Amino acid sequence: MDGSSPPTVEDARSFAGVPDGTERLWTPHRMAYIGGENKPSDPDDGEQCPFCSAQHRTDEDALIVHRGRVAYVILNLYPYNAGHLLVCPYRHVADYTELTDDEVREVAELTRTAMRVIRQVSAPAGFNLGMNQGPVAGAGIAAHLHQHVVPRWMGDANFLPIVGRTKAVPILLADTRRLYAEAWPEAWPEGDGSGGS
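Since the structure is predicted, the reported quantities are computational estimates derived from the model, not experimental observations.

**So, the overall build of the protein**
Working step 1: In terms of regular secondary structure, the protein is built from six helices and five strands.
Working step 2: Written out in order from the N terminus, the α and β elements of the protein read α-α-α-β-β-β-α-β-β-α-α.
Working step 3: By sequence separation, contacts in the protein at least 24 residues apart represent 65% of the contacts at least 6 residues apart.

**Description of empty space enclosed by the protein**
Using a probe with the size of a water molecule, rolled over the atoms, empty space left in the structure can be pinpointed.
Working step 1: Evaluation of the coordinates by the stated rule reveals two cavities of 30 Å³ or more.
Working step 2: Approximately 30 Å³ is the volume found for the second largest cavity.
Working step 3: Surrounding the second largest cavity, A94, M131, N132, Q133, A139, I141, A142, H144, L145 and H146 form its lining.
Working step 4: By residue class, the composition of the lining of the second largest cavity is six nonpolar, four polar and no charged.

**Quick notes on the packing of aromatic side chains**
Working step 1: Within the structure shown, the criterion is met by one aromatic pair.
Working step 2: Ring centres of Y72 and Y90 lie 5.3 Å apart, and the angle between their planes is 25°; this geometry places the pair in the stacked category. Of the two residues, Y72 is situated in strand 2 (residues 71–75) and Y90 in the loop between strand 3 (85–89) and helix 4 (101–122); the sequence distance between them amounts to 18 residues. Like Y72, the residue Y90 is buried in the burial classification.

**Details of the nonpolar core**
Working step 1: Formed by 30 residues in total, the largest nonpolar core has its most connected members in Y72, I74, L85 and V149.
Working step 2: Sorting the residues of this core by element identifies helix 2 (50–54), strand 1 (64–67), strand 2, strand 3, helix 4 and helix 6 (173–183) as the ones contributing at least two each.
Working step 3: By residue number, the principal contributor to this core is helix 4, which donates six residues.

**Brief notes about helix 6**
Working step 1: If you check which residues of helix 6 are buried, you get T176, R177, Y180 and A183. Looking straight down helix 6, one finds its buried side chains confined to an arc of 140°; they lie on one side.
Working step 2: Residues of helix 6 that are buried sit in contact with helix 3 (59–62), strand 1, strand 2, strand 3 and helix 4.

**Brief notes about the environment of V87**
Working step 1: Locating V87 in the fold gives a position in strand 3.
Working step 2: Using a relative accessible area of 0% as the deciding quantity, one classes V87 as buried.
Working step 3: Spatially, the C-alpha atoms of V87 and T111 are 6.6 Å apart, while their sequence positions differ by 24 residues.
Working step 4: V87 has contacts with Y72, V73, V107, L110, T111, H146, Q147 and V149, leaving out every residue within four places of it along the chain.

**Comments concerning the pattern of salt bridges**
Working step 1: Within the structure shown, the criterion is met by seven salt bridges.
Working step 2: Salt-bridge contacts for R57 lead to D61; the nearest nitrogen and oxygen are separated by 2.8 Å.
Working step 3: Since its relative accessible area comes to 49%, D61 is described here as partly exposed.
Working step 4: With its nearest N and O atoms 2.7 Å apart, the salt bridge here joins E103 to R91. Within this pair, whereas E103 is found in helix 4, its partner R91 is found in the loop between strand 3 and helix 4, the two being separated by twelve residues in sequence.
Working step 5: Note on E103: relative accessible area 5%, which makes it buried.
Working step 6: In this structure R91 comes out as partly exposed when scored by relative accessible area, which is 36%.

**Comments concerning the packing of helix 4 against helix 6**
Working step 1: Where helix 4 meets helix 6, the closest approach of the two axes is 9 Å, and the angle between their N-to-C directions is 115°. What the angle tells us is that helix 4 and helix 6 run roughly perpendicular. Seen along the crossing, helix 4 lies across helix 6 with a hand that is right-handed. Here V117, I118, Q120, V121 and S122 of helix 4 come into contact with helix 6, specifically with L179, Y180 and A183.
Working step 2: Along the lines of polarity and charge, the residues of the contact of helix 4 with helix 6 split into six nonpolar, two polar and no charged.

What counts, and where the lines are drawn
- Residues numbered from 1 in each chain as written.
- Predicted model: local features only at pLDDT ≥ 70, side-chain atom pairs only at ≥ 80, totals over all residues.
- Heavy atoms only, no water.
- Helix = DSSP H or I, 4+ residues; strand = E, 2+ residues; numbered from the N terminus.
- Contact = heavy atoms within 4.5 Å.
- 1 Å grid on protein atoms, 1.4 Å probe; cavity = no way out; pocket = protein on both sides within 12 Å on 5 of 7 lines; lining within 4 Å.
- Points joined across faces, edges and corners; volume = space filled by probe spheres on them.
- Nonpolar A, V, L, I, M, F, W, Y, C, P; charged D, E, K, R; others polar.
- Phe/Tyr/Trp six-rings, centres within 6.5 Å; stacked < 30°, edge-to-face > 60°.
- Buried < 20%, exposed > 50% of the residue type's maximum accessible area, 1.4 Å probe, protein only.
- Core = buried A, V, L, I, M, F, W, Y, C linked by side-chain atoms within 4.5 Å.
- Arc of directions from axis to C-beta.
- Salt bridge = Lys/Arg side-chain N within 4 Å of Asp/Glu carboxyl O.
- Axes fitted to C-alpha atoms, helices over the stretch in contact; angles between N-to-C directions.
- Parallel < 35°, antiparallel > 145°, perpendicular 65-115°, else oblique.
- Left-handed = near helix turned anticlockwise from the far one by under 90°.

See the structure below:
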């Protein structure tokens, strides 16, 4: 696939051949991500960037959990696991080395608080934290840095995502956003939490 044409969608009804006892879990929402539906055509254009445009929408519409002074927390629209959060600077910046000292501190603090909130609400067994720097490293939106906070549970990497390349997400994103936003501590260090640009 060269990225210039949409992915081919096959009729999965014929995959099993003769009907069998196997259950199928369909996740058609992933096709939007696979096809690049929400990716900016010009990655350096802040107007097209989903992380820049989210800042100007309501928290509910954009799935923003918390707004800090120089960074904010948003649910991943295409989560690896239920409750997958992203911590983003407001500023359209691609590389971690380009962050200001204030941005580095707040991204780190928001990441720590996100872990605490997820533990309180969802009781995961662990986390994956990380930044994919550049498309070759797996960054879907490489032009706007974002820190992944992915809760993990025992057995969440079972046959379904490994063999079936499908992830079951058991809760609606809007419900997850509301639960996390309600659990977010009101007293936010270093500012009033109303930030943004």
